[in-house]
Amino acid sequence: MANRRHVISWAGALASGVVFLALGVLFFRTGLDNADKLASVIGAFVGVAGFGGSVYGLVLARRSLDSTSPAVPGEAAAPQPLPEAARLRVPAGLAALPRPAPRVFVGREQELAGLQSAFDDPARLTVQVVCGLGGVGKSQLALQYADRNRGHYSLIWWIDAATPETLQNGVADLARGIASGTASSAASRATNEEAVTWAMAWLAAHPGWLLVFDDIVEAASLRPYLGRLHGGHVLVTTRRTVGWHDLCTPITLNVLSRQAAVSLLAELTGSPDSEGLDALAGELGDLPLALAQAGAYIAHTPGIGVRRYRDLLRASPTRMYAAAPAGGDPERLVARAWAVTRARMEEIGPLAIDLLDLLACFAPDDLPRDVLVRAVDADELDTAEALGVLASFSMVDLVDDGVSVHRLVQAVTLHQLDDPRRAELRARAAAALEGCLPARPADPAVRPAYARLLPHVVILLEGRQARDRLAELIPLFERAWGQEHPNETLLARELHADFTGRVGDPAAAARLLADLLPVRERASGADHPLTRAARAALAHWSAESASP
Ligand SMILES: Nc1ncnc2c1ncn2[C@@H]1O[C@H](COP(=O)(O)OP(=O)(O)OP(=O)(O)O)[C@@H](O)[C@H]1O
Ligand SMILES: [Mg+2]
């Protein structure tokens, strides 16, 4: 292209020279008097040629603009790099917690004191792990600790660590949070990988922070991050009880003491009937999540006191016990309280039930309300009202424009639905989600919105649909982030391989992963959790394709 332009410029210069020379010869031959007559004719030609030249110039300029404009809009402005991490200070007390600390919090004095004494030196890297059953109150304890100690930390950051991707997004968001204001556009332009590196550099240079990694499944996914840190406090919540011993001795959280369970119910319901509350707490196994739902029900249902609630609970227990999803006690306990609340929702109106069922089909946390409004046959106001009812019954959490549901509530809800209803809900949920997906996922301007929807996409878009969608995305990702970007391109390729296997082609999945694994090892390192996950996936699909 540049060569062609070079040739054209020389040809232009040569042509001008020839024309100039020809005019000189003409004027010399005809004499100046006659030349005067010719001048207007020549002028007209020159004018036309000039017009042609300017049109050609415009076309060239336009082409050169097109060829230098990026594949993705938004990258044209001269990118400002992120400032040096060690130099950037944060506003005092910067804290990002997923929701406000609850109005009612009971018990856990011993655990809070344990955390307090373990986290004594802000300049020393200290890890504490809280483990226990679902719904027992691990996240709530972490939230409480963080909230009570806001004054002791320069920064508190909460990270949803349920999957390696949400974990990484959370750390990348930390960079965006720290840089907001001073370097927000550079931070939002940065890829996740760059943002993570920057965030880790910032944390290493500024001790005195608290990071909460909520709901980690495997200790291994935390290690690459911990290796880069020096001073600060890391609080982990997990259902997993094993794999933590080289980091610390985990705090195992049990159900509430009976006394704390009764005071929780008393606070929520305002009931003075301590004997009835004691019995109710016992029936709900002192499990905080089940107690919270029962308490919310009693508080928000006129004419229902503690004893009447126990009657309702007893009226449905056998069915609910039998129908509870496979799993430990928490599912059964939550299923009991859930059944009573659900019956009440059915009386209140179909919209609340529809929303609860739909919510069970998405990922548990932070579903934008827009998506829900698209999925139901109701307007925004009615939807907001129905969500308010669900929140008042402790079935959902509303924070800003996002809706979260406890995973146990989702599990119980899904388990109660019959197959056609589940299929119908999933189809509606997937259509609503597709409608809200940004049209150009590789565009940095929509990256945060896309990242927010991704966990829901992964859960909802099943089988062929997901495989095909990912196949479309891979070339886009390659163009935007490069062939070997570990957290965009390679992750999309791994998901694509996985869905290829799931839709019944394990041999193709194994081939895709075999091609991918050396790239992943090169890009992330041989021992990175994502590399190990890819290796495990390859082993899985190879075994599947070998089995008859
Ligand atoms: N100490 C407490 N005081 C009052 N309510 C509590 C307490 N602990 C938990 N709860 C209630 O129980 C619910 C479930 O708690 P939480 O979400 O912390 O469980 P979890 O152990 O993190 O479960 P999961 O493993 O599923 O994430 C909370 O939403 C809250 O309503
Ligand atoms: Mg939790």
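Residues numbered from 1 in each chain as written. Chains lettered and ligands numbered in written order. Predicted model: local features only at pLDDT ≥ 70, side-chain atom pairs only at ≥ 80, totals over all residues. Heavy atoms only, no water.

A.B. asks: What is the right way to read the overall build of the protein chain from this model?
C.D. replies: Across its full length, the protein chain carries 23 helices and nine strands. Expressed as a percentage of the 548 residues in the protein chain, the buried residues total 45%. For the protein chain, the accessible area works out to roughly 26700 Å², and carbon and sulfur atoms hold 58% of it. (Helix = DSSP H or I, 4+ residues; strand = E, 2+ residues; numbered from the N terminus. Buried < 20%, exposed > 50% of the residue type's maximum accessible area, 1.4 Å probe, protein only. Areas by Shrake-Rupley, 256 points an atom, 1.4 Å probe, with all protein chains shown as cover.)

A.B. asks: Explain the sheet that holds strand β9 (residues 402–405) here, please?
C.D. replies: The strands that make up a sheet pair up through hydrogen bonds in the backbone, lying either parallel or antiparallel. What the three strands build is an open sheet, ordered β7-β9-β8; its pairing is antiparallel. Taken across any chain shown, the strands that pair with only one partner, and hence form the sheet edges, are β7 (367–368) and β8 (396–399). Judged from the four bridges that link them, β8 and β9 form a sheet pairing that is antiparallel. When the bridges of β9 are listed, Leu 398 appears paired with Val 403. Contacts from helix α16 (residues 380–392) reach β8 and β9 within the one sheet, and its direction differs from that of β8 by about 120°. (Pairing = 2+ DSSP bridges. Contact = heavy atoms within 4.5 Å. Axes fitted to C-alpha atoms, helices over the stretch in contact; angles between N-to-C directions.)

A.B. asks: Looking at this structure, I do not really get the site of ligand 1. What am I missing?
C.D. replies: Neighbouring ligand 1 are 19 residues; Gly 135, Lys 138, Ser 139, Arg 239 and Arg 407 lie closest to it. A distance of 2.8 Å separates an oxygen atom of ligand 1 from a polar atom in the backbone of Gly 135. At 2.6 Å, a side-chain N or O of Arg 239 approaches an oxygen atom of ligand 1. Out of a free accessible area of 630 Å², ligand 1 has 90% covered by protein chains. The residue makeup of the shell around ligand 1 includes at least three contributed by each of domain 2 (88–252) and domain 3 (258–332). (Near = heavy atom within 4 Å. Polar contact = N/O pair within 3.5 Å; in protein donor to acceptor, adjacent residues only side chain to side chain. Domains from an automatic or database assignment.)

A.B. asks: So what exactly am I meant to see when it comes to the nonpolar core here?
C.D. replies: In this structure, Leu 235, Tyr 309 and Leu 390 are the most contacted members of the largest nonpolar core, which totals 95 residues. Sort the elements by how many residues they give to this core and helix α13 (residues 329–348) lands first, with eight residues. Contacts of Leu 390, omitting those with residues within four sequence positions, involve Met 345, Ala 352, Leu 355, Leu 356, Met 395 and Val 396. Counting 35 residues, the second largest nonpolar core, distinct from the first, contains Leu 88, Val 196, Ala 219 and Cys 248. (Core = buried A, V, L, I, M, F, W, Y, C linked by side-chain atoms within 4.5 Å.)

A.B. asks: Is there a simple way to explain the packing of helix α14 (residues 350–359) against α16 in this structure?
C.D. replies: Helices that pack against each other are described as a pair by the angle of their axes relative to one another and the distance between those axes. Running from N to C, α14 and α16 cross one another at 75°; their axes reach a closest spacing of 9 Å. Regarding the angle of α14 to α16, the classification is roughly perpendicular. Contacts from Leu 351, Ala 352, Leu 355, Leu 356 and Leu 359 of α14 reach α16 at Asp 382, Thr 383, Ala 386, Leu 387 and Leu 390. Across the contact of α14 with α16, the residue classes tally to eight nonpolar, one polar and one charged. (Parallel < 35°, antiparallel > 145°, perpendicular 65-115°, else oblique. Nonpolar A, V, L, I, M, F, W, Y, C, P; charged D, E, K, R; others polar.)

A.B. asks: What exactly am I supposed to notice about the packing of aromatic side chains here?
C.D. replies: The description of an aromatic ring pair uses the distance of the two centres, along with the angle that the planes make with each other. Using the criterion set out here, one finds four aromatic pairs in the structure. Measuring from ring centre to ring centre gives 5.5 Å for Phe 119 and Tyr 145, while their planes differ by 50°; the resulting arrangement is tilted. You can see Phe 119 sitting in the loop between α2 (109–118) and β2 (125–131) and its partner Tyr 145 sitting in helix α3 (residues 138–148), a full 26 residues away along the chain. Each of the two residues, Phe 119 as well as Tyr 145, counts as buried. Aromatic rings pair up to connect Phe 119, Tyr 145 and Tyr 153 into one cluster. (Phe/Tyr/Trp six-rings, centres within 6.5 Å; stacked < 30°, edge-to-face > 60°.)

A.B. asks: How do you make sense of the environment of Gly 388 when you look at a structure like this?
C.D. replies: Positionally, Gly 388 belongs in helix α16. Between the C-alpha atom of Gly 388 and that of Leu 398, which follows or precedes it by 10 residues, the distance is 8.1 Å.

A.B. asks: How should I be thinking about the pattern of salt bridges in this particular structure?
C.D. replies: When the charged atoms of two side chains lie near each other, side chains of opposite charge can form a pair. Applying the stated criterion across every chain yields a total of 26 salt bridges. With a closest N to O distance of 3.3 Å, Arg 176 and Asp 173 form a salt bridge. Here Arg 176 pairs with Asp 173, and both are found in helix α4 (residues 164–179), just three residues apart, close to one helical turn. When its relative accessible area of 38% is taken as the criterion, Asp 173 is described as partly exposed. The salt bridge involving Glu 346 is made with Arg 342; its shortest N-O contact spans 3.8 Å. You can see Glu 346 and its partner Arg 342 sitting in helix α13, four residues apart, about one turn around the helix. Sharing partners across several salt bridges, the network here consists of Arg 342, Glu 346, Asp 354, Asp 357, Arg 421, Glu 424 and Arg 428. (Salt bridge = Lys/Arg side-chain N within 4 Å of Asp/Glu carboxyl O.)

A.B. asks: Which parts of the structure should I look at to understand the environment of Ala 201?
C.D. replies: In this structure, Ala 201 sits in helix α6 (residues 192–205). A relative accessible area of 37% means that Ala 201 is categorised as partly exposed. Along the chain, Ala 201 and Leu 229 lie 28 residues apart, while their C-alpha atoms are 8.3 Å from each other.

A.B. asks: Even after reading the chapter, I still don't get the pairing of strand β3 (residues 155–160), so can you show me in this structure?
C.D. replies: On a regular strand, each side chain points to the face opposite its neighbour's, so the side chains alternate between the two faces of the sheet. Extensive coverage of β3 is indicated by the burial of five of its six residues. When strand β1 (residues 94–96) meets β3, the two strands line up parallel, connected through three bridges. Opposite Ala 95, over in β3, you have Ile 156 as the bridge partner. Alignment of β3 against strand β4 (residues 209–216), held across six bridges, turns out to be parallel. Paired with Leu 155 across the bridge in β4 is Trp 209.

A.B. asks: Hey, could you run me through the sheet that holds strand β6 (residues 251–252) in this one?
C.D. replies: In space, the six strands of this open sheet follow the order β1-β3-β4-β5-β2-β6, with parallel pairing throughout. Pairing within the sheet leaves two strands with one partner each, and these edge strands are β1 and β6.

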